[in-house]
Amino acid sequence: TDDALEPRSNLVITPFVVYDTRDSFVRPRQGLFSELKVDISKGFQNSTDDFTKYRLDMRYFRTPFERLTLGLMGRAGNIRPFGDNEIIPQDQLFYLGGINSVRGYDENLLFYDAQGDPVGGKSAINGSIEGRIDIGYNFELTTFFDTGSVSQDPNFKDFVFRSSFGMGLLYQTIIGPIGIFYGWKIDPRPEEAPGQWHFTIGYTF
């Protein structure tokens, strides 16, 4: 609606907890990272921004061989209104698709409506598996599998997962890697391209 495009004022408090045993922030090869964030939002003009938003991010890295690092990532999100509010604004929902969630899809377009606009959800789950192979001369070859889903049900029901797989080439710099990825959609819809190129600065997770 037109009201959704109007400026809104709200107060957000975000307590969080982080547990990090990674051996490197720039190029992790071993260890666990986990983070839980909770956004407590209160709108000033109306109740549409009265909600609590939970986000969990977990990553695990292991290097079984000198030149091979395996990475696992899982994320979950949930948003719930409180008080008299029953509506979550579109710009506060969870969206998936793109370089930081499910590669092979355009940004935020893992799900979309008949007009091609992004469809978000009150709950979301996504995960990735990566194999990072050091091929020398500061280059790294990456293979990956991504999957994820969003749902309008805040109770983590009615998920329909969409997935992709692909490869990437990264170059290590003193501030972290830069690279390019190509992801192939698994079971693309008839109107969709088979895949998508992505450029990244830093690791995807």
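Predicted, not measured: the structure shown is a model, and the values here were computed from it. (Residues numbered from 1 in each chain as written. Predicted model: local features only at pLDDT ≥ 70, side-chain atom pairs only at ≥ 80, totals over all residues. Heavy atoms only, no water.)

**Q** Would you explain the overall build of the protein chain in this entry?
**A** When helices and strands are tallied, the protein chain shows zero helices and ten strands. If one aligns the C-alpha atoms of the protein chain with their principal axes, the spans along those axes are about 55 × 45 × 30 Å. By residue count, 43% of the 205 residues in the protein chain fall in the buried class. Taking contacts inside the protein chain between residues at least 6 apart in sequence as the whole, the part at least 24 apart equals 56%. Total accessible area on the protein chain is roughly 11,700 Å²; 60% of this is exposed by carbon and sulfur atoms. Taken together, the 20 basic and 27 acidic charged side chains of the protein chain have centroids lying 7 Å from each other. (Helix = DSSP H or I, 4+ residues; strand = E, 2+ residues; numbered from the N terminus. Buried < 20%, exposed > 50% of the residue type's maximum accessible area, 1.4 Å probe, protein only. Contact = heavy atoms within 4.5 Å. Areas by Shrake-Rupley, 256 points an atom, 1.4 Å probe, with all protein chains shown as cover. Lys, Arg positive; Asp, Glu negative; His and termini not counted. Charge placed at Lys NZ, Arg CZ, Asp CG, Glu CD.)

**Q** Help me understand the nonpolar core in this model?
**A** Across soluble globular proteins, you tend to see nonpolar side chains buried next to one another. F51, I79, I88, L93, F94, L96, V102, Y105, L110, F111, A124 and V150 form the largest nonpolar core, which has twelve residues in total. Apart from the residues within four sequence positions on either side, F94 is in contact with K53, Y54, R55, G77, N78, I79, G120, G121, K122, S123, A124 and V150. Formed by five residues, the second largest nonpolar core is a distinct cluster that contains I99, F144, L170 and F181. (Core = buried A, V, L, I, M, F, W, Y, C linked by side-chain atoms within 4.5 Å.)

**Q** For this particular structure, what's the right way to read the pairing of strand β6 (residues 123-136)?
**A** Every regular strand shows the same layout, with side chains that alternate between the two sheet faces. In this structure, strand β5 (residues 68-81) lies alongside β6, joined through eleven bridges in antiparallel fashion. Bridge pairing in β6 links G77 to A124. Both β6 and strand β7 (residues 139-151) contribute to a ladder of 13 bridges, which runs antiparallel. Counterpart to R132 in the pairing with β7 is T142. (Pairing = 2+ DSSP bridges.)

**Q** What should I look at first to understand a nonpolar patch on the surface in this one?
**A** Together, I133, I135, Y137, F139, L169, Y171, I178, I180, W197, F199 and I201 make up a nonpolar patch on the protein surface, roughly 1,200 Å² of accessible area in all. Within the residue set of the nonpolar patch, elements represented by two or more residues are β6, β8 (162-173), β9 (176-186) and β10 (195-201). A per-element tally of the nonpolar patch places β10 first, with three residues. Relative to the elements of secondary structure, I178 occurs in strand β9. I178 sits in the partly exposed class, given a relative accessible area of 34%. (Patch = residues over 30% accessible without salt bridge, like charges linked within 9 Å, V, L, I, M, F, W, Y side chains within 5 Å. Salt bridge = Lys/Arg side-chain N within 4 Å of Asp/Glu carboxyl O.)

**Q** I tried to follow the packing of aromatic side chains on my own but got confused; where do I start?
**A** For any pair of aromatic rings, the description rests on two quantities: the centre-to-centre distance and the angle between the ring planes. Throughout the structure, instances matching the rule amount to eight aromatic pairs. Between F159 and F161 the ring centres are 5.9 Å apart and the planes differ by 40 degrees, which places this aromatic pair in the tilted class. Following the ring pairs from residue to residue traces out a cluster consisting of F165, Y182, W184 and W197. Its end group placed over the ring of Y105, K185 keeps NZ or CZ at 5.1 Å from the ring centre. (Phe/Tyr/Trp six-rings, centres within 6.5 Å; stacked < 30°, edge-to-face > 60°. Lys NZ or Arg CZ within 6 Å of the ring centre and 35° of its normal.)

**Q** Even after reading the chapter, I still don't get unusual backbone geometry, so can you show me in this structure?
**A** Negative phi characterises most residues that are not glycine, and trans characterises most peptide bonds. Residues other than glycine seldom take positive phi values, yet N108 does so here, at roughly 65 degrees. Locating N108 in the fold gives a position in the loop between β5 and β6. With a phi angle near 55 degrees, Y137 is a residue other than glycine that sits in the positive phi range. Note on placement: Y137 falls in the loop between β6 and β7.

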